[in-house]
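# Tertiary structure, described
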Amino acid sequence: MLGSVKQVWQFRTLVGALVRRHIATRYRGSLFGFLWSLLNPLCLMAVYTLVFSYYMRFNGGPHYHLMVFAGLLPWIWTSSSLMEGTASLVNSGHLITKSLFPPQVLPVVSVTAAMVHFLLALPILAIFSLLAGVPVSWTWLLVPLVVALQAIFLTGIVLGLSALNVFFRDVQHLVGNFLTLLFFLCPVVYPVSVVPERLRFLVTYNPFAALTQFYQEMLVEGVLPNSSSVLYVAAMCVVVGFIGVRVHSHYQERFAEAL
Amino acid sequence: MISGNTAHVGGDREVTDEVDYVVDIRHLSKVFKRKTRAVNGYTTFKQALLARLKGQRTVADKVEEPVTIGIKDLTIRIPRGASIGLIGRNGSGKSTFLKLITGIYKPTSGVVNVRGRIAALIELGAGFHPDFTGRENLVLAGIMHGLTREEINARFDDIVRFAELEHVIDDPVRTYSSGMFMRLGFSIAIHTDPDILLVDEVLAVGDAGFVAKCKDRIAELRRSGKTLILVTHDLDAVERWCDEAVWLHKGDVKDRGNPRRVIDAYRHHIEKQEEGALLEEDTAQVAAATSVDAASDGRQSSRWGSREVEITQVSLVGTDGSEKRVLHPEDTARVRMSYKVHGSHEGLVFGVGITRVDGLSVFGTNTDIDRVNLPAVGTSGVVECEIPRIGLVEGSYTFDVAVHRTDGYPYDYHKDVVHFSVRSDKREVGVSSLTRSWVVDGVRCSC
């Protein structure tokens, strides 16, 4: 376990260079570059606010659009990490079969690149908050901790899924469909309060949902999340991270032959 | 693309004897599982699930698993500074062996110890991204090879200069020709301070000038005490560069030792196999030709004529009468034609011709040209043309045979009816291997 983590640390220059290339690839040749990655959450925010607040007259609180935006940004990080990360080994198969390339670097690059996009979008959230008259609270300073939790959690999942995907290509299709379900199980477009008590466990025990809540609380409401909930998510991160690394290193030796 | 392969055990160095082995491979075996249920090389989740539901634990448990043996119990130790040439036919396990040394594949059993950094000139530019410039790809490839940014910056100009890409280094590599692509990859790999150089047939591409430069560079690295592992079909290169040749055959070491001796044995083996393959090919062709003839008007591109006199069988045999398909320039060749007479005929002429595989007519003659007094022929028989010394340079050739009337009226023409190769250990050029000798200052020299 520690060995694998250490290995990724050894290859940090490589991870850094690949992340840079990954981000640069996406915007190479486009005029607005990074701005395109903001368009998606902005559109979604506009549409959800329009549909839920105005058409359906759903009372999502005073700053519904901010809550949606604060939930969408980490969600996009999650979904693009899982989509790209799961397929990362298969998509870069030539590197693994033709050279001694550390395979764990590839899923880590997917998660990191998506994280960079997330971090770059946070200032936009701050601007929206100020425009809406919501002060940027001191709780923003603690957001890096939540980011770290989510990064570990996503890395663990993606390490495991990308390894399985080498042997069962169905995994990447399963992930796509699973993400659609998961989105609506996270309190992005609705507050937790509307979830009936007997179904509340779907939010409480779902680390993705809990993470969504953390961001909304710290970035919009300016309050600290429930500490037991944070502990639960932290524990899940350790467990999932551990399993992910184990699954990945278990199959790692067979990648070159299976790809 | 190797980043400092540290497969060695710390402190192992004292344990080994005086000789410093950079590659120490003991009882290495590699077995590939061939998954019977695999679709396009991988299993689908559905299949695994179905297998599980049917009570099989995993797909892998399915029946007795067929396996392919990549490498069989191989033990090789390569001292520092040595040059080893790996030879063998396609599928003999050369590439598997390289992937095991570089650590891409894990051995099924046995030990691979590699001390030092390997530069694998195998898949040049494997990590290049077409949309990025040569400069960007160079930096990333350097990092993949395990160099630091400072090291890359320090060598940047050398790498670009060696690759001769100064003017296009800031263009996207998708605009590069395949030669430029390869040059950049080669230049990066060779500038990584390798202890061991793995060269897998890469010198087969690129223009002559650059190949010469690469060869110079490899020779230079050899002189500076680097270890060279060369995988190639270019047997001359092995002979010129290597201290030892290792002949792999179906994953096994068939022979090893002095390059000259091993290469000769290998050449001999290839010739015998080739002979078998050419014989098979001809048999198949004759079978195909006959079946076509039966349904056609007898005017095929490879065979035509009225068939009043027919050549029913053609073979190329050696002095001992056995079928031959591979000859040496000094060998005797006999073209044997069996004929059958069906109708009336007058003034029969039998002919043979030799064509090089690219269509060049090498030689042709017939019984008329040679002023042979043909005895009266019966209804069937055999005509043989004996060539005491085939006298051709190395290459692939075919025999044509024909029987026609003195005025040219065709009875039966067979084009390209027997394929054969000439193999020589001399590298003469041209078409004909003429008999010759050299006299220097009045002294006849032995060859």
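Since we're looking at a predicted model, the values are computed, not measured. (Residues numbered from 1 in each chain as written. Chains lettered and ligands numbered in written order. Predicted model: local features only at pLDDT ≥ 70, side-chain atom pairs only at ≥ 80, totals over all residues.)

### Thoughts on the overall build of chain B
For clarity, the threshold we go by: Strands here mean DSSP runs of E at least two residues long; helices mean DSSP runs of H or I at least four residues long; both are numbered from the N terminus. Field definition: a residue is buried when 20 or more other C-beta atoms are found within 10 Å of its C-beta, exposed when 12 or fewer are, and partly exposed for counts in between, with C-beta atoms placed from the backbone. We call two residues in contact whenever the C-beta atoms placed from their backbones are within 7 Å.
Scanning chain B from N- to C-terminus turns up nine helices and 20 strands. When the 447 residues of chain B are sorted by exposure, 33% land in the buried category. Within chain B, counting contacts between residues at least 6 apart in sequence, those at least 24 apart form 73% of the total.

### So, the overall build of chain A
To keep it simple, the criterion reads: When we talk radius of gyration, it's over C-alpha atoms, and the globule rule is simply 2.2 Å times the number of residues to the 0.38.
Along the backbone of chain A there are twelve helices and zero strands. In chain A, the order of α-helices and β-strands from amino to carboxyl end is α-α-α-α-α-α-α-α-α-α-α-α. For chain A, the C-alpha radius of gyration of 19 Å lies close to 18 Å, the compact-globule estimate for 259 residues. When the backbone C-alpha atoms are referred to their principal axes, chain A occupies close to 55 × 45 × 35 Å.

### Topic: the sheet that holds strand S11 (residues 309-317) of chain B
Residues and elements named next belong to chain B. Inclusion rule: Only when DSSP finds a minimum of two bridges between them are two strands counted as paired. Axis definition: a line fitted to C-alpha atoms, limited for helices to the stretch in contact. Angles are taken between N-to-C directions and run from 0 to 180 degrees.
Ordered by their spatial adjacency, three strands build an open sheet running S11-S13-S16, and the pairing between neighbours is antiparallel. A single partner strand is all that each edge strand has here, and the edge strands are S11 and strand S16 (380-387). Here the average twist between neighbouring strands, direction ignored, is 20°. Examined bridge by bridge, strand S13 (residues 333-341) and S16 share eight bridges and lie antiparallel to one another. Paired with Met-337 across the two strands is Val-383, which belongs to S16.

### Some details on the confidence of the model for chain B
All names here are of chain B. We apply this condition: The score called pLDDT rates the predictor's confidence residue by residue, from a low of 0 to a high of 100.
With 83% of its residues at a pLDDT of at least 70, chain B reaches an overall mean of 79. Under a pLDDT of 50 for its full length, residues 36-41 has, in the predicted model, eight contacts with residues more than four places off or in other chains. Predicted confidence for residues 290-301 stays below pLDDT 50, and this span has eight contacts to residues more than four positions away or in other chains. With pTM at 0.70, the complex prediction returns an ipTM value of 0.74.

### Some thoughts on the nonpolar core
Our working definition: Here a nonpolar core is just a set of buried residues of the types Ala, Val, Leu, Ile, Met, Phe, Trp, Tyr and Cys, joined wherever their C-beta atoms sit within 7 Å.
Membership of the largest hydrophobic core comes to 138 residues, with the highest contact counts inside it found for A:Val68, A:Ala70, B:Leu86, B:Leu121, B:Leu197, B:Leu198 and B:Leu230. With sequence-adjacent residues up to four places away left out, B:Leu230 is seen in contact with B:Ser83, B:Ile84, B:Gly85, B:Leu86, B:Val199, B:Ala237, B:Val238, B:Trp241 and B:Cys242.

### Points about the interface of chain A and chain B
Inclusion rule: For this classification, Asp, Glu, Lys and Arg are treated as charged, while Ala, Val, Leu, Ile, Met, Phe, Trp, Tyr, Cys and Pro are nonpolar and the rest, including Gly, are polar.
Across the contact, 22 residues belong to chain A and 28 residues belong to chain B. If one sorts the elements of the side of chain A that touches chain B by residue count, helix H2 (residues 12-27) of chain A sits on top with five residues. A class-by-class count of the residues in the side of chain A that touches chain B yields ten nonpolar, five polar and seven charged.

### Things to note about H2(A)
Residue and element names in this part refer to chain A. What counts here: The span one expects for a helix is its residue count, reduced by one, times 1.5 Å.
Helix length check: H2 (16 residues) gives 23 Å between terminal C-alpha atoms against 22 Å at 1.5 Å per residue, within 8%. Taken as a whole, H2 has its buried residues at Leu-14, Val-15, Ala-17, Leu-18, Val-19 and Arg-21. Backbone geometry just downstream of H2 places Gly-29 in the positive-phi region, at approximately 85°.

### Some details on the packing of helix H4 (residues 64-91) of chain A against helix H8 (residues 170-185) of chain A
All names here are of chain A. The criterion, for reference: Put simply, angles under 35 degrees are roughly parallel, angles over 145 are roughly antiparallel, angles from 65 to 115 are roughly perpendicular, and the rest are oblique.
Running from N to C, H4 and H8 cross one another at 170°; their axes reach a closest spacing of 9 Å. With respect to H8, the axis of H4 lies roughly antiparallel. Between H4 and H8, the contacting residues are Trp-75, Ser-79, Leu-82, Met-83, Thr-86 and Ala-87 on the first element and Val-171, Gln-172, Val-175, Gly-176, Leu-179 and Phe-183 on the second.

### Considering helix H6 (residues 178-190) of chain B
Under the 1.5 Å per step criterion, the end-to-end length of H6(B) is 18 Å for 13 residues, consistent within 8% with the ideal 18 Å. In this fold, the buried residues of H6(B) make contact with strand S5 (118-121), helix H4 (134-144), helix H5 (149-163) and helix H7 (208-223) of chain B.

### Points about the environment of B:His328
All names here are of chain B. Secondary-structure assignment places His-328 in the loop between strand S12 (326-327) and S13. Sequence separation between His-328 and Gly-391 is 63 residues, and the spatial gap between their C-alpha atoms is 8.1 Å. Among all residues touching His-328, those that are not within four sequence positions of it are Arg-423 and Ser-424.

### Let's talk about the environment of A:Ala151
All names here are of chain A. Relative to the helices and strands, Ala-151 resides in helix H7 (residues 143-167). The class for Ala-151 is buried, based on 21 C-beta atoms found within 10 Å. Ala-151 sits 86 residues away from Cys-237 along the chain, and the two C-alpha atoms are 8.9 Å apart. Apart from the residues lying within four places of it in its own chain, the contact partners of Ala-151 are Val-111 and Met-115.

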